[in-house]
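# Observations on the model geometry
Here are the chains, one letter per residue:
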Amino acid sequence: MSLSGNLFRELGKHIPAGLARFAGRPAAVYFHGVQARTDDARLQTNHHETDVFRAIAHSLKTHFDVLPLDALDDVMKHPERHSRALFLMSDDGYANTLTVAADILEELSLPWTLFVSTHHIDTRERNPVFLARLFAFFAAAGAYRLPNLKEPVVVSDNGGFREVAANRLVASLKKLNGPEARQAVVGMLKILGPEHVAELIMRFRSEDFLTWDQVRALATRGVTIGAHAHWHWPLNEAQSESYLRQQAELPRVRIEAEVGPCRAFAYPFGNVGDVSRTAWQTVRDAGYDCAFTTLSGSLDPRMNRFLLPRYGLGLKETRSASLIPLLRAGNSRLLDWQKSLAA
Ligand SMILES: [Zn+2]
């Protein structure tokens, strides 16, 4: 969650939703998964509870024109004509987007785009951040050496230490290139042991990814399918050019082979520090029409189409309609960032 995202959330509490009609600019918003109930908020960090999600969806339906991604060109050209336009998106490809979210959005006739990380659809392998958090919370207390991490990872049962350890572990992993980070995650699973990992995977079914049959089922129901890299990892400065090329090109190849045309990309993590100059250029050169970050802002014709803003819908946030009109306040920061990554 970016600081500016939290700031917008705070401001939104004080602004009436009807303001959207007067002050709005087109924007893109996203969620991850939806599940009936959060059993363990330490691990299930990505899923809205069904009731909250339904309330958000109703509010978006009431206050905005939620449009299919096909309308992006026209909206970007004439943002003033589309002050209520909103693009709704979901990232990663969790199975519960089919079993829960799709029905709610279909009932309300809200179009949406699903960005899938194709390695995880191919293999059902869990999101590496989830696996790292699993390690930090469930490994026996101790100090562990992991591949490619200089410092030993210490987990202890004192107070909130495991939460601190989880955040530290994810932060140090994100400094590694994809293949090195993957080796470190494999090392964590080895320490936990296959039986313990299998038990934990069964406990946290919210983290299940869709199969290709299920992605096709969503596409048949009108969901636009986009790419979210192949492995769910930042496309940052730590990555080699060949890794970036693979992460841009392979998901498109896989989606086009399994589902159909794939025109849009969303960067995993997607914040400042998660997307390098080479990354967005590689995504552009891979033939996508547009790509989305997770920086706050409204859609504006001055923007780099491969670094577009997107706002993450908060897990407890049911007043999104009040703060979406404020997103344009993030544009100057976003444009500065785009400039810093200019060719
Ligand atoms: Zn993601």
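Our subject is the structure listed above.
Each chain has its residues counted from 1, following the order in which its sequence is written. Reporting in this predicted model follows two pLDDT cut-offs: at least 70 for local features of residues, and 80 or more for side-chain atom pairs to be given and counted; totals over whole chains, interfaces and linings ignore these cut-offs and use all residues. Derived side-chain values reflect all non-hydrogen atoms in the structure, with water molecules and hydrogen atoms excluded from consideration.

Attention now moves to the packing of aromatic side chains. Pairs were defined over the aromatic rings of Phe, Tyr and Trp, the Trp ring being its six-membered one, requiring ring centres within 6.5 Å. Orientation was assigned from the angle between planes: stacked under 30 degrees, edge-to-face over 60, tilted for the rest. A complete count under the given rule lists 11 aromatic pairs for this structure. With centroids separated by 4.7 Å and ring planes inclined at 55°, the aromatic side chains of phenylalanine 31 and phenylalanine 53 adopt a geometry described as tilted. A residue pair is termed long-range when its members are at least 10 positions apart, and phenylalanine 31 in strand E1 (residues 27-31) and phenylalanine 53 in helix H3 (residues 50-63) qualify at 22 residues. Note on accessibility: phenylalanine 31 and phenylalanine 53 belong to one class, buried. In DSSP terms, a helix is any run of H or I states spanning at least four residues, a strand is any run of E spanning at least two, and both are numbered starting from the N terminus. Buried, partly exposed and exposed residues are distinguished by accessible area as a fraction of the type maximum, computed with a 1.4 Å probe on protein chains only: under 20%, between the cut-offs, and over 50%, respectively.

Attention shifts here to the pattern of salt bridges. What makes a salt bridge here is a side-chain nitrogen of Lys or Arg within 4 Å of a carboxyl oxygen of Asp or Glu, nothing more. Enumeration according to the criterion identifies 23 salt bridges in this entry. With a closest N to O distance of 2.7 Å, aspartate 157 and arginine 162 form a salt bridge. Since its relative accessible area comes to 54%, aspartate 157 is described here as exposed. Relative accessible area serves as the criterion here: at 10%, arginine 162 is assigned to the buried category.

What follows concerns helix H11 (residues 212-220). The set of residues buried in H11 consists of Trp212, Val215 and Leu218. Buried residues of H11, viewed axially, fall in a sector of 115°; they line one side. Summarising the geometry of H11, the exposed residues directed more than 90 degrees from the buried face are Asp213 and Thr220. Elements that come into contact with the buried residues of H11 comprise helix H5 (96-107), strand E6 (113-116), helix H6 (118-123), strand E9 (224-227) and helix H12 (241-258). Glycine 222, located one to two residues past H11, shows a positive phi value of around 100°. Directions are taken from the helix axis to each C-beta atom, and the arc is the one they span. We call two residues in contact when some of their heavy atoms are within 4.5 Å.

Moving on, we get to the packing of helix H7 (residues 128-138) against helix H9 (residues 178-192). Only the contacting stretch of a helix is used when fitting its axis, a line to C-alpha atoms as for every element, and angles between N-to-C directions run 0 to 180 degrees. In the contact formed by H7 and H9, the axes pass within 10 Å of each other and the chain directions differ by 40°. Accordingly, the angle class assigned to the pair H7 and H9 is oblique. Every pair of crossing elements has a handedness; the one defined by H7 and H9 is left-handed. Contacts between H7 and H9 pair Pro128, Leu131, Ala132, Phe135 and Phe138 from the former with Val185, Met188, Leu189, Ile191 and Leu192 from the latter. Throughout this description, any angle smaller than 35 degrees is read as roughly parallel, any larger than 145 degrees as roughly antiparallel, any in the 65 to 115 degree range as roughly perpendicular, and the remainder as oblique. Take the far helix as your reference; a near helix turned counterclockwise from it by less than a right angle gives a left-handed crossing, and one turned clockwise gives a right-handed crossing.

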